[in-house]
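Here is what each chain is made of, one letter per residue.
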Amino acid sequence: MSDGDILLRVKDLKTHLRGRDGQRVVKAVDGVSFDLRRGETLGIIGESGSGKSMTALSIMRILPSSARVIGGEIRFNGENLLTKSDREMRRLRGEQLSMILQDPMVSLDPLFTVGSQLAEPLRAHMGLGGAALKSRMTELMSAVSIPSPEQRLKQYPHQMSGGMLQRIVGAIAISCDPQLLIADEPTTALDPTVQAQFLDLLEALRDSKHLSVIVVTHDFGVAARLCDRVMVMYAGRIVEMGPIREIFDHPRHPYTKALLASIPDATGAGAGARRLRTIEGSPPDLGALPPGCPFAPRCISVMERCRRDYPPEFRIATEHVASCWQVQSQ
Amino acid sequence: MLRYFFSRLRLAIITILGVSLIVFVTSRMSGDATLLLLPQDASEADIKAMQHDLGLDASYPVQYYRFVVNVAHGDFGQSLRYREPALGLVMSRLPATLELAFSAFILSTIVGLILGIISARRRSSWFDYGARIFSITAQSMPSFWVGIMLILVFAVELRWLPTSGAQGIQYLVLPVVTLALVPIASTLRITRSAMIETLDADYVKFLRVKGLAERYIVWKHAFRNALVPVIAISGLTLGFLIGGTVIIESVFAWPGLGNLMVEAIFTRDYPVIQAGVSVTSVFLIFLNLAVDLLFGVIDPRVRFG
Amino acid sequence: MASVVIPTQIPARRPWAMHWRRVRRLPWLPILLLAPVVICGVLGSLIFPHDPTAIDLMSPRHPPGWMTGGSWSYPLGTDQFGRDLLSRLMEGARVALIVALSSVFLAALIGVTAGMVAGYYGGWIDNFIMRIADVVFAIPAILLIILIGGAVGGGFTTVLSSIVIVSWVLYARVVRGETLVLRERGFVALAKVANCSDMRILVRHILPNLMPTCIVLMTLQAGFALLIEAAITFIGLGIQPPATTWGLLISEGRPYMTTAWWIPTFAGAAITLTVLGTNLLGDWLQDRYDPRQRQM
């Protein structure tokens, strides 16, 4: 694949958090590298605390004040986002990079109408006003299938249902035709009945606007619907990455296997979300990681070596990699 | 919105009635007024006659009814000391008190907001810790003591400002500053925590995702949201301020309502106390109603439930 | 590809900020501030350097020991009658302790009961109790106290009942809110299924869950009680001489402001430091046990 095809290249990204007492350092993202091709949909899968959301926030560079990117590169269209000034990032956000957050109810300012919040990026980035603004907003509202847009735009967030709000959030996210859309747990806060509809919408938007998408989720069902490739994260690192079909049919990392095994119906087909059942043990303390593989304490096929040395990436197939000593010995 | 207004209005009226009941009940607690007004050797007949004149021989509900009717006509009786209608006396002193209270309110709101916003944006800096130390100390000091200390320092030792009276702007400074101290502290704390909460909120994150300027986000969105709790406590603040003027006017010999009432305590001039408390409470209740309405304007969740 | 200079460390908090964190972790500052009051309250006259009422006309208006004209036998100075200020302050501490503790317990008793009943039963009881609370709350505290005090005169009982009448409302409102939430919890449903009487549910199940909030409130209200007491005394409705309270020391010392400034100054400082102690303690308790409550 040529470099021109690659929209986003992340190399060895490290993001650290300062713990609550101001002393401990938590390695939220600990050396993550991946590529995203144009038009591709990549899924980032993991439990909470795996670092998936932090990765997304690091790319957008909207980390909380206690977090800082301390190493690595994020190349978007060839340019390193980590060296950009605040002003440059501000221009990129909304125009080129966009994001959907988890809970639509808190994604919007409760004191302002939905319409005014939709207009904001249009005014700021595209300089639209008056009639042009209005028609663009109506266009966007129909793109996310919201009936009677005029009326809806005058309403306030608390007057709408979660599903409708998330559609509006989606409309805002794509309003300036970004190249990259990150969806952070887009359906987790929605009613199960509405989740499938929203996934449909995401799919349609992606296809019609030729978006490249990163979907952050803990739900394999969502990944199966939307993603071409997935990467599985654990304790701030990628443990396995590959095409969705390949990962489903031939998972190689014990963690991936465990995740898939905990799904009641693991065929990966069909609509509807599937909840992850928890795996034995608890997620690691990211402020005090042991040497070696962080999954070792919970791994059913753990070896002596696993506790000592962190496994590097092993190539299984052209596009399929996994970081596990088991893979090497096979 | 109209429905919201009417429900708050109904609450206000019930509260006013409740206050009138309290005022009535306490006045009957002060012992038999007849004995105060008559000479020591008055006969039984005289006492009975006086009681009838004062309406004290009727049953309590009837007395209350008459009381309410009188009050509705503005009749609180005569000041025992000044021999004038109590209400008139109270109303003549009210403007001076309001001058003090509102000046302190404006000062404390502006200063509190500014300090709170700066503290929130510079969390954990010298400024922030200093502001919080100031807040908690200010809320621990008795207001009249602060007044006395300020007089000691600024009026007596440094001679920059006058000690008491009300003939000009310089007379306003010390009492207003003393009065505003505690509300500055509480406004500061509320603003600071509200700003911190809003700046960490998800919708602010989303606003940043949209690529909007930080200053725009802070002033158009975060600040407005932070104002909501501040407005919520402004009713309480005003209540505190008006109560505080009672004490502060004593310290600074400010010719307002508070001073009148403290005087009335010493002279046992109960009609004046009654009138003063009633007027102040009703005024506050309506002020709070206005604050509630303002709340409805600012926060659509309140308007459209 | 050249790698970019990114700071390799998140800047650590400044060292004094860490000290502040540690300070906040143990409540030693409030304990330091409150210990003298409690000690004076408990040990009382055993530790007064002088009899607070002992008049010494030979040494009127002596300044504090470290100033010229003062002596260390009267470390904080004397008043116009030659009474030792330090001893009077200590006596005042006793009174402060009694006033604070008794008013807080009484107000909490009334307020928590009212709040629990209102929150648990709802309906017209809730409405009734909350309307009363609204009405009491609508009148500024000082004015209500003037209203009552002007009618029945001053003294300890007036002070105590005034503080209680004014402060029960806060407990009632907060407790009502929490009871509303607790009422819906699983353990209450279980208790009902087990045929527990309402009273039992309230006392054995709901009340313990209210304790953290109540303790925080009581601590903060203790300081409030002291401030109110001082204010009431200042306007003449409070505890009367010859009893000694800090508030009285300030108002009695006021005419001597220029000639014996230490009297009102130290008395007021005593109040400030004690209330500061309760406020800091209350804040600390709130951080520890009730982090979801909004700070005021």
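Conventions we followed
Residues numbered from 1 in each chain as written. Chains lettered and ligands numbered in written order. Predicted model: local features only at pLDDT ≥ 70, side-chain atom pairs only at ≥ 80, totals over all residues. Helix = DSSP H or I, 4+ residues; strand = E, 2+ residues; numbered from the N terminus. Rg over C-alpha atoms; globule rule 2.2 N^0.38 Å. Buried ≥ 20, exposed ≤ 12 C-beta atoms within 10 Å, placed from the backbone. Contact = placed C-beta atoms within 7 Å. Nonpolar A, V, L, I, M, F, W, Y, C, P; charged D, E, K, R; others polar. pLDDT = per-residue confidence, 0-100. Domains from an automatic or database assignment. Axes fitted to C-alpha atoms, helices over the stretch in contact; angles between N-to-C directions. Parallel < 35°, antiparallel > 145°, perpendicular 65-115°, else oblique. Left-handed = near helix turned anticlockwise from the far one by under 90°. Pairing = 2+ DSSP bridges. Expected span 1.5 Å × (residues − 1).

> Just give me the short version of the overall build of chain B, but keep the residues and values in it.
Broken down by element type, chain B carries 13 helices and zero strands. In terms of overall dimensions, chain B is more spread out than a globule: its C-alpha atoms have a radius of gyration of 24 Å, far above the 19 Å expected for 305 residues. Classification of the 305 residues of chain B by burial places 40% in the buried group. In chain B, 73% of the contacts between residues at least 6 apart in sequence involve partners at least 24 apart.

> Hey, could you go over the overall build of chain A for me, with residue numbers and the actual values?
Broken down by element type, chain A carries 13 helices and twelve strands. Taking 20 Å as the expected radius of gyration for a compact globule of 330 residues, we find that chain A reaches 20 Å, a close match to that expectation. Principal axes of the C-alpha set define a box for chain A whose edges measure 70 × 45 × 45 Å. Relative to its full complement of 330 residues, chain A shows a buried share of 44%. Partitioning the contacts of chain A with sequence separation of at least 6, the portion at a separation of at least 24 is 65%.

> Mind laying out the interface of chain B and chain C, listing which residues take part and the relevant values?
It is common to give the size of an interface as the accessible area that goes away when the parts come together. Across the boundary between the two partners, chain B contributes 46 residues, which contact 44 residues of chain C. Mapped onto the side of chain B that touches chain C, the elements with two or more residues apiece are helix H1 (2-29), helix H6 (126-138), helix H7 (143-157), helix H8 (169-200), helix H10 (214-252), helix H11 (257-266) and helix H12 (270-298) of chain B. For the side of chain B that touches chain C, the element with the most residues is H1 of chain B, which contributes nine residues. Here the residues of the side of chain B that touches chain C are counted per class, giving 29 nonpolar, 16 polar and one charged.

> Residue-level account of the confidence of the model for chain A, with values.
For chain A, the average pLDDT comes to 86, and 92% of its residues sit at 70 or higher. Scored below 50 in pLDDT, residues 266-274 of chain A shows 18 contacts in the model against residues more than four places distant or in partner chains.

> Kindly report on the interface of chain B and chain A, identifying the contributing residues and their values.
Opposite the 18 residues of chain B that make contact, chain A presents 25 residues. Those elements that place two or more of their residues in the side of chain B that touches chain A are helix H9 (202-209), H10 and helix H13 (300-303) of chain B. Top contributing element to the side of chain B that touches chain A by residue count: H9 of chain B, with six residues. Looking at side-chain class alone, the side of chain B that touches chain A contains eight nonpolar, three polar and seven charged residues.

> Account for the domain arrangement of chain B, naming residues and giving values.
Residue and element names in this part refer to chain B. Examined at the domain level, chain B breaks down into domain 1 (2-72) and domain 2 (93-304). Taking the mean C-alpha position of each, domain 1 and domain 2 sit 34 Å from one another. Contacts between domain 1 and domain 2 engage twelve residues on the former and 14 residues on the latter. With ten residues, the single largest contributor to the side of domain 1 that touches domain 2 is H1. Of the residues contributing to the side of domain 1 that touches domain 2, the split by class is eight nonpolar, three polar and one charged.

> Can you explain the packing of H12 of chain B against helix H5 (residues 141-152) of chain C? Please cite residues and give values.
Geometrically, a packed helix pair is captured by the angle between its two axes and the distance between the axes. Direction vectors running N to C along H12 of chain B and H5 of chain C enclose 160 degrees, while the axes themselves pass 10 Å from each other. Taken together, the axis directions place H12 of chain B and H5 of chain C in an arrangement best described as roughly antiparallel. In this structure, H12 of chain B meets H5 of chain C at a crossing whose hand is left-handed. Residues Tyr-270, Ile-273, Val-277 and Thr-280 of chain B of H12 of chain B form the contact with H5 of chain C, whose own contacting residues are Leu-143, Ile-146, Leu-147, Gly-150 and Ala-151 of chain C.

> Go over the pairing of strand S10 (residues 237-243) of chain A, please, and point to the residues and values.
Residues and elements named next belong to chain A. In terms of burial, S10 is largely enclosed, as six of its seven residues are buried. Summarising the sheet, strand S9 (residues 229-234) and S10 pair through six bridges and their orientation is antiparallel. Considered in S10, the bridge of Arg-229 is made with Pro-243. Counted along the chain from S9 to the antiparallel partner S10, the turn is two residues long, and its residue Ala-235 has a positive phi close to 50 degrees. Here two bridges tie S10 to strand S12 (residues 321-322), and the two strands are oriented antiparallel to one another. Bridging from a neighbouring strand, Glu-240 pairs with Ala-322 of S12.

> Provide a residue-level description of the sheet that holds strand S6 (residues 97-100) of chain A, including the pertinent values.
All names here are of chain A. Here we have eight strands laid out as an open sheet, ordered S6-S7-S8-S3-S9-S10-S12-S11, and mixed in their pairing. Strands with a single pairing partner mark the edges of an open sheet, and in this sheet they are S6 and strand S11 (314-315). Bridge analysis of S11 against S12 gives two bridges, and the strand direction is antiparallel. The partner of Arg-315 across the bridge, within S12, is Val-321.

> Before we move on, can you summarise helix H10 (residues 262-289) of chain C with the specific residues and values?
Relative to the 40 Å expected for 28 residues at 1.5 Å per residue, H10 of chain C spans 40 Å between its end C-alpha atoms, a close match to the ideal helical length. Burial runs high along H10 of chain C: 22 of the 28 residues are buried.

> Explain the packing of helix H5 (residues 86-121) of chain B against H11 of chain B residue by residue, including any values.
Residues and elements named next belong to chain B. Between H5 and H11, whose axes approach to 7 Å, the crossing angle comes to 130 degrees. Of the possible angle classes, the one that applies to H5 and H11 is oblique. Contact residues: H5 offers Leu-89, Val-90, Arg-93, Leu-94 and Thr-97, while H11 offers Leu-257, Gly-258 and Leu-260. Residue composition of the contact of H5 with H11, grouped by class: five nonpolar, two polar and one charged.

> Kindly report on unusual backbone geometry, identifying the contributing residues and their values.
Here the phi dihedral of Glu-185 of chain A falls at roughly 50 degrees; this positive angle occurs in a residue that is not glycine. Note that Glu-185 of chain A resides in the loop between strand S7 (180-184) and helix H8 (192-209). We classify Glu-185 of chain A as buried; it has 21 C-beta atoms within 10 Å. The phi torsion at Ala-253 of chain B lies on the positive side, around 50 degrees, for a residue other than glycine. One can find Ala-253 of chain B in the loop between H10 and H11. By the C-beta count within 10 Å, which is 14 here, Ala-253 of chain B ends up partly exposed.

> So what's going on with the sheet that holds strand S5 (residues 79-80) of chain A? Residues and values would help.
Residue and element names in this part refer to chain A. Strand order in the open sheet formed by four strands is S2-S1-S4-S5, and the pairing between neighbours is antiparallel. Edge positions in the sheet fall to strand S2 (25-37) and S5, since each has one partner strand and no second. Where strand S4 (residues 67-76) and S5 come together, two bridges link them in antiparallel fashion. Across the sheet, Phe-76 pairs through a bridge with Glu-79, a residue of S5. Relative to S2, helix H1 (residues 52-60) is tilted by about 70 degrees, and along the sheet it contacts strand S1 (6-18), S2 and S4.

> Which residues make up the environment of Ser-251 of chain C, and what values go with them?
All names here are of chain C. When you line up the elements, Ser-251 lands in helix H9 (residues 246-253). For Ser-251, a count of 21 C-beta atoms within 10 Å puts it in the buried group. When the C-alpha atoms of Ser-251 and Leu-160 are compared, they prove to be 19 Å apart, with 91 residues separating the residues in sequence. What Ser-251 contacts, discounting residues up to four positions off in sequence, is Thr-233 and Phe-234.

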